[in-house]
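Coordinates in review
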Amino acid sequence: RVRFDVVAKTWCFPSTTPEGDAFYYGDLQPRLAKRGIRMLLLCGGAEDLDWPRLVNRALFASGVFRIPFWCLVPWTAPLRMAGQQIRTSLRLPRIAQDLSDPLSKRAALDARLGCLSRATMRAGVYYWVGQAVVRRWHPKSVITLYEGSSWENCLWWGAKSVDPGCRTVGYQHTVFF
């Protein structure tokens, strides 16, 4: 029920501690908190993290709010995404028939299998995470890393589908690092 002004997607690693600085955002959370701006980090990544311990300790750390982003994926999202993937895969051969350019035709036919991948599924569910973030916390901004990954766009689209006024920001961390 807490409202956050900024929600940022990040990756957590086994060395991540609830009280420590975020790997990608440094001490941005406490600095924003001093200005009265609440920031939530959506953590994803390392499967070998002790998530319950990290989350429980983070919830009580001063000015540090982190949750695993997977807990925001509605149970229906993977089913809906799978349905969309299958429909797209079945539609692509029909699209390829109407194409005259051989390269475009080949790309459409190759894409019919590629769109069924687990990677496409994982990226696509970020759309529903973006929706959940904006519905739950009404942030003014949603920040992602800006690495050119498809999940970033999916999260932004989900956020914008709920509140077009929510700013979506891609943070190009490598420029600063």
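Computed from a predicted model, the values in this text were never measured in an experiment.

**Here we look at the pattern of salt bridges**
Applying the stated rule across the entire model yields three salt bridges. For Arg31, the salt bridge identified is with Asp27, shortest N-O distance 2.9 Å. Under the relative-accessibility criterion, Arg31 is labelled partly exposed at 47%.

**Structural notes on the side chain of Gln85**
Topologically, Gln85 is positioned in helix α3 (residues 77–97). Judged by its relative accessible area of 6%, Gln85 falls in the buried class. With residues up to four places along the chain from it excluded, the contact list for Gln85 reads Cys115, Leu116, Ser117, Thr120 and Met121.

**Quick look at the nonpolar core**
Of all hydrophobic cores here, the largest spans 27 residues; its most connected members are Leu40, Leu42, Leu72, Val129, Val133, Trp137 and Val142. Those elements that provide at least two residues to this core are β2 (39–45), α3, α5 (118–137) and α6 (150–162). Among the elements that take part in this core, α5 stands out by supplying nine residues, more than any other. In contact with Leu72, not counting residues within four places along its chain, are Leu42, Ile67, Trp128, Val129, Ala132, Val133, Arg136 and Trp137. Core analysis: the next-biggest nonpolar cluster, separate from the first, contains twelve residues, Val6, Ala8, Tyr25 and Cys43 among them.

**Observations concerning the packing of α3 against α5**
Axis separation between α3 and α5 bottoms out at 9 Å; the angle between their running directions is 120°. Between α3 and α5, the angle falls in the class oblique. You can see that α3 and α5 cross each other, and the crossing is right-handed. Contacts between α3 and α5 involve Ala77, Pro78, Arg80, Met81, Ala82, Gln84 and Gln85 from the former and Thr120, Met121, Gly124, Val125 and Trp128 from the latter. Of the residues belonging to the contact of α3 with α5, the class tally is seven nonpolar, four polar and one charged.

Parameters at a glance
Residues numbered from 1 in each chain as written. Predicted model: local features only at pLDDT ≥ 70, side-chain atom pairs only at ≥ 80, totals over all residues. Heavy atoms only, no water. Salt bridge = Lys/Arg side-chain N within 4 Å of Asp/Glu carboxyl O. Buried < 20%, exposed > 50% of the residue type's maximum accessible area, 1.4 Å probe, protein only. Helix = DSSP H or I, 4+ residues; strand = E, 2+ residues; numbered from the N terminus. Contact = heavy atoms within 4.5 Å. Core = buried A, V, L, I, M, F, W, Y, C linked by side-chain atoms within 4.5 Å. Axes fitted to C-alpha atoms, helices over the stretch in contact; angles between N-to-C directions. Parallel < 35°, antiparallel > 145°, perpendicular 65-115°, else oblique. Left-handed = near helix turned anticlockwise from the far one by under 90°. Nonpolar A, V, L, I, M, F, W, Y, C, P; charged D, E, K, R; others polar.

Nothing here speaks to function; it is geometry throughout.
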